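# Commentary on secondary and tertiary structure
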Amino acid sequence: MGKAPSPGRKAGAVPPRIREVMSAAPIMVPLETTLAEVARLMRDRGIGDVLVTSAGRLCGIVTDRDIVVRAVADGLSAVVTTVGDICSAGPATVRPDDDTAAAAALMRRHAVRRLPVVEGHRTVGIVSIGDLAIVHGDDPVLADISKAPPNV
C-alpha cells in the first residue's frame, strides 16, 4: 500500500513548484553589515533571516538564532561584528522550478529550515520549512527536519 497523500493533495499529484510557495524578494545584505543593523532589519520587517551577499552574489545566510548562538552567547559586539563573521556560508539552494518535495529532502540532508531560491546567478526568493508544511502537511520528512540538531 502507498502512503496516503498529505492534506490538500490528491494521490499521485505532482508536488507544487518552489515558485508557488516561496517568499519572493528576500532581504539581502552585504557581508560587511553589522549584526546590530541586521537585527534592526529583522525586527522592523518581522523576519528571522537575511541572505548575505558578496559583490552582489549570494554567499551565505544568517538567522536570528545565528546571531544569538554565534555572537551574543560568545560576547561578541553587535555593533562591530558583521554578518560575514557568523553567517552560514555557501548555503544549499533550490531553483524556482524545483518541486517542494525535493526541497524538503534537501532541507533534511543539510539539517536546515530555509533555502535560498536562485535562478541563474540571481537570488529570487527564500523557502522555509513553514512554507513546505503548508503544502505537505504531516509529511514525516518535515518532522525529521524539525528534530535535526541545529547548526552552530
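Naming follows an unreviewed UniProt entry, where the protein chain appears as CBS domain-containing protein of Thermomonospora echinospora.

Another point: the layout of surface pockets. Its boundaries defined by the atoms lining it, the second largest pocket holds a volume of some 150 Å³. What lines the second largest pocket is simply Ser23, Ala24, Pro26, Ile27, Ile47, Asp49, Arg114, Ile126, Ser128 and Asp131. When contributions to the lining of the second largest pocket are tallied by element, the ones reaching two or more residues are strand 1 (23–24) and strand 7 (122–128). Residue classes in the lining of the second largest pocket are distributed as 5 nonpolar, 2 polar and 3 charged.

Before going further, it helps to examine unusual backbone geometry. In this structure, Ala25 is a non-glycine residue whose phi angle is positive, near 50 degrees. Within the fold, Ala25 resides in the loop between strand 1 and strand 2 (28–30). In this structure, Ala111 takes a positive phi of about 55 degrees despite not being glycine. Within the secondary structure, Ala111 is located in the loop between helix 5 (100–110) and strand 6 (114–119). Ala111 gets classed as buried once you look at its relative accessible area, which sits at 18%.

Counting across every chain of the model gives 8 salt bridges. Between Arg114 and Asp49 there is a salt bridge, with its nearest N and O atoms 2.7 Å apart. Of this pair, Arg114 sits in strand 6 while Asp49 sits in strand 3 (residues 49–54), and the two are 65 residues apart along the sequence. Since its relative accessible area comes to 27%, Arg114 is described here as partly exposed.

Another aspect to go through is the sheet that holds strand 6. Spatially, the 3 strands line up as an open sheet ordered 1-7-6, and their pairing is antiparallel. The sheet is open, and its two edges are formed by strand 1 and strand 6, each paired on a single side. On the sheet, helix 5 packs against strand 6 and strand 7 and is oriented at approximately 125 degrees with respect to strand 6.

Right, let's get into the nonpolar core. Ranked by internal contacts, the top residues of the largest apolar core, which has 17 residues, are Ile18, Val94, Met107, Leu115, Val117, Val127 and Leu132. Elements with a minimum of two residues in this core: helix 1 (18–21), helix 5, strand 6, strand 7 and helix 6 (129–136). It is helix 5 that contributes the most residues to this core, 4 residues altogether. Setting aside its immediate chain neighbours within four residues, Val117 contacts Ile18, Met22, Val94, Arg95, Pro96, Arg122, Thr123, Val124, Gly125, Ile126 and Val127.

About the thresholds
- Residues numbered from 1 in each chain as written.
- Predicted model: local features only at pLDDT ≥ 70, side-chain atom pairs only at ≥ 80, totals over all residues.
- Heavy atoms only, no water.
- 1 Å grid on protein atoms, 1.4 Å probe; cavity = no way out; pocket = protein on both sides within 12 Å on 5 of 7 lines; lining within 4 Å.
- Points joined across faces, edges and corners; volume = space filled by probe spheres on them.
- Helix = DSSP H or I, 4+ residues; strand = E, 2+ residues; numbered from the N terminus.
- Nonpolar A, V, L, I, M, F, W, Y, C, P; charged D, E, K, R; others polar.
- Buried < 20%, exposed > 50% of the residue type's maximum accessible area, 1.4 Å probe, protein only.
- Salt bridge = Lys/Arg side-chain N within 4 Å of Asp/Glu carboxyl O.
- Pairing = 2+ DSSP bridges.
- Contact = heavy atoms within 4.5 Å.
- Axes fitted to C-alpha atoms, helices over the stretch in contact; angles between N-to-C directions.
- Core = buried A, V, L, I, M, F, W, Y, C linked by side-chain atoms within 4.5 Å.

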